[in-house]
Amino acid sequence: MGIWGEIKVQGKRKHPWHFAYYVESPSQRDDGQWYQAFLFRDEERSKFGRKEFLGRTISRMNFGKMAARVVADVTFRKALLSDDPSLPKLWKRH
């Protein structure tokens, strides 16, 4: 099982989005590669988004920048939205 962490968006702007990251190390995976996911959802848990990174790592600071961009940039947010049925299940725990 990997590490799950919350991402806070800096600033005073109110928004309906919640953000998290998930990381698995190479020793936790059959393919021996790093896995990271940037995850987000709305307050109603009706919209979910994700961007995955395999084999390379992204700093937490960059996840924070992506979260701020999701809040501010509708086009970027829409590009990351997903109807993958595993996302609501993943967020049930968080």
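In the block above lies the structure referred to throughout.
This one's a predicted model, so the numbers in the text were calculated from it and none came from an experiment. (Residues numbered from 1 in each chain as written. Predicted model: local features only at pLDDT ≥ 70, side-chain atom pairs only at ≥ 80, totals over all residues. Heavy atoms only, no water.)

Digging into the side chain of Arg77
Its place among the elements puts Arg77 in helix H2 (residues 74-80). Of the side chains bearing the opposite charge, Asp73 lies closest to the buried Arg77, which forms no salt bridge; the N-O distance is 7.6 Å. Reaching out from Arg77, the side chain makes a polar contact with the backbone oxygen of Val70 at a distance of 2.6 Å. Those residues in contact with Arg77 that sit more than four places away from it in its chain are Trp17, Phe40, Val70 and Val71. (Helix = DSSP H or I, 4+ residues; strand = E, 2+ residues; numbered from the N terminus. Buried < 20%, exposed > 50% of the residue type's maximum accessible area, 1.4 Å probe, protein only. Lys, Arg positive; Asp, Glu negative; His and termini not counted. Salt bridge = Lys/Arg side-chain N within 4 Å of Asp/Glu carboxyl O. Polar contact = N/O pair within 3.5 Å; in protein donor to acceptor, adjacent residues only side chain to side chain. Contact = heavy atoms within 4.5 Å.)

Topic: the pairing of strand S2 (residues 17-24)
Successive side chains on a regular strand alternate, one facing one side of the sheet and the next facing the other. The element S2 is largely enclosed, with a buried count of seven among its eight residues. For strand S1 (residues 3-7) and S2, the ladder comprises five bridges, and the chain directions are antiparallel. Looking at S2, one finds that Gly5 is bridged to Tyr21. Examined bridge by bridge, S2 and strand S3 (residues 35-42) share eight bridges and lie antiparallel to one another. Note on S3: the bridge partner recorded for His18 is Arg41. (Pairing = 2+ DSSP bridges.)

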